[in-house]
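Residue-level listing of the chains:
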Amino acid sequence: PASMAAGSRARAPLLVLLVWPARGLGLGVARPRPVASMQRPVRLPFWPLANGLALTALDLVGLRDAAADAEAAIGGRVAPMSLGGEDADPFVLLVHHRHRFSAWDPLRPLLRLLIPEGFPAHPHRGFETVTMTIDGGLTHRDSLGVQQRYGDGEVQWLTAARGVLHEEMWWANDDGRAELYQLWLNLPAAAKMVPPRIQLFVPPAVKAAAGDDGAEGGVRVHVLGGEYASVRAPVELAGAPVTLLRVEIPPGGEWVCPLPASRNCIVYVRTGALEAGAEAAPTSLPAHHLAYLPARAAVGTDGVRLVNADRSPRGKPAEALVLAGEPLREPVAGGGTWVMNTQAELDQ
């Protein structure tokens, strides 16, 4: 629609559908996809710097679980994750921001003089940025004339395509929290020069109730892009088919999701600890780890299976970001904040 050429906003209230669990929906998987590789991305201290340095110190002395739990409470770190390579295609970059802005932070006035609290005007071309907020959010303005203040669960889908200049500055909720993911999603060559546009929406959510087949209930899935369980995110895709989900699994809970064998899949664990793969040979995924379940490892499989590894009566819920997409299988040339196909395009 013409109204989406510059920017649009889907402001419907959060949709929560109570459905039977994945198995009851006919979405169960008999042959879960295995984890091909896993990594723990570096977490850099920032916003506030003091908190981030304290968390990094805990990591250095081997108290990673304690650091992960503390980070959820006090913020102070950012985790940039380069997703280059065939196992990540069409995803290019994922960044997990978890910050806390406080008037009582003694270093904040000095840091604000040196580094703005946000991202001053910068250009993008050739891809899409998908900003998935959790707490707090960003104030956005751009060369299209769009100005938006969004957050607290909303998703901004910016198709930079042939080019856009934009600025993003932080705002926090009442207790100072600001947390979000930002994903760079590559565009195929045929779509890299289409007009830029912005879509803003509240993602629908699917909640599984306990079923009569013994499946665990209480799993909640936020549909941030694409479709899950017949629920579609209200966004028009400019490139390859993708599914972006934020999955919350209760203690001991299980979540299974069918997935075409042709699609790459990435799982990032935000909180808690998960197990992925077949029940007979699961792979442990601790908090803040990134797992690749690529198409090349999908032969003979039909989907993804995640289980909350904490099965104690007073266990902790686990949450993961699940990214699945059809590979573009095109050359990638990246330079700064641009993602094109050739060096000549970057030079231009």
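Definitions and limits used
- Residues numbered from 1 in each chain as written.
- Predicted model: local features only at pLDDT ≥ 70, side-chain atom pairs only at ≥ 80, totals over all residues.
- Heavy atoms only, no water.
- Patch = residues over 30% accessible without salt bridge, like charges linked within 9 Å, V, L, I, M, F, W, Y side chains within 5 Å.
- Areas by Shrake-Rupley, 256 points an atom, 1.4 Å probe, with all protein chains shown as cover.
- Salt bridge = Lys/Arg side-chain N within 4 Å of Asp/Glu carboxyl O.
- Helix = DSSP H or I, 4+ residues; strand = E, 2+ residues; numbered from the N terminus.
- Buried < 20%, exposed > 50% of the residue type's maximum accessible area, 1.4 Å probe, protein only.
- Core = buried A, V, L, I, M, F, W, Y, C linked by side-chain atoms within 4.5 Å.
- Contact = heavy atoms within 4.5 Å.
- Polar contact = N/O pair within 3.5 Å; in protein donor to acceptor, adjacent residues only side chain to side chain.
- Pairing = 2+ DSSP bridges.
- pLDDT = per-residue confidence, 0-100.

1. Points about a nonpolar patch on the surface
Right, so step 1: A cluster of nonpolar side chains, contributed by Leu110, Leu113, Leu114 and Ile115, occupies part of the molecular surface with about 450 Å² of accessible area.
Right, so step 2: Following the sequence through the fold, Leu110 ends up in helix α3 (residues 108-114).

2. What about the pattern of salt bridges?
Right, so step 1: Using the criterion set out here, one finds 23 salt bridges in the structure.
Right, so step 2: Between Glu71 and Arg77 there is a salt bridge, and its shortest N-O distance comes to 2.7 Å.
Right, so step 3: Take Glu71: its relative accessible area is 0%, and that puts it in the buried class.
Right, so step 4: Across the pair Asp175 and Arg100 runs a salt bridge, and its minimum N-O distance is 4.0 Å. Of this pair, Asp175 sits in the loop between β12 (164-171) and β13 (177-186) while Arg100 sits in strand β6 (residues 91-100); the two residues are 75 residues apart in sequence, bridging distant segments of the chain.
Right, so step 5: Overlapping salt bridges bring together Arg40, Arg43, Asp59, Glu71, Arg77, Arg98, Glu179, Arg246, Glu248, Arg270 and Glu319 as one network.

3. Focus: the nonpolar core
Right, so step 1: Membership of the largest hydrophobic core comes to 53 residues, with the highest contact counts inside it found for Leu83, Leu94, Trp255 and Leu306.
Right, so step 2: For this core, the leading source of residues is strand β26 (residues 318-325), giving six residues.
Right, so step 3: Not counting residues up to four positions away in its chain, the partners in contact with Leu306 are Ile249, Gly253, Glu254, Trp255, Val267, Leu274, Glu275, Ala276, Leu285, Ala320 and Val322.
Right, so step 4: One finds Phe101, Leu138, Tyr150 and Leu200 within the second-largest nonpolar core, a separate group that totals nine residues.

4. Re the side chain of Arg197
Right, so step 1: With respect to the helices and strands, the residue Arg197 is situated in strand β14 (residues 197-201).
Right, so step 2: Overall, the relative accessible area of 16% leaves Arg197 in the buried class.
Right, so step 3: Polar contacts involving the side chain of Arg197 include one to the main-chain carbonyl oxygen of Glu236, which spans 2.9 Å.

5. Thoughts on the pairing of strand β16 (residues 220-225)
Right, so step 1: Burial analysis of β16 places six of its six residues in the buried class, which makes it a mostly covered element.
Right, so step 2: Relative to β16, strand β15 (residues 205-208) runs antiparallel, the two sharing three bridges. Bridging from a neighbouring strand, Val206 pairs with Val221 of β16.
Right, so step 3: Here five bridges tie β16 to strand β19 (residues 242-249), and the two strands are oriented antiparallel to one another. Bridge pairing in β19 links Val221 to Val247.

6. Points about the confidence of the model for the protein
Right, so step 1: Averaged over all residues, the pLDDT of the protein equals 90, while 89% of them reach at least 70.
Right, so step 2: This model gives residues 1-6 a pLDDT under 50, and the stretch forms 13 contacts once residues within four places in sequence are excluded.

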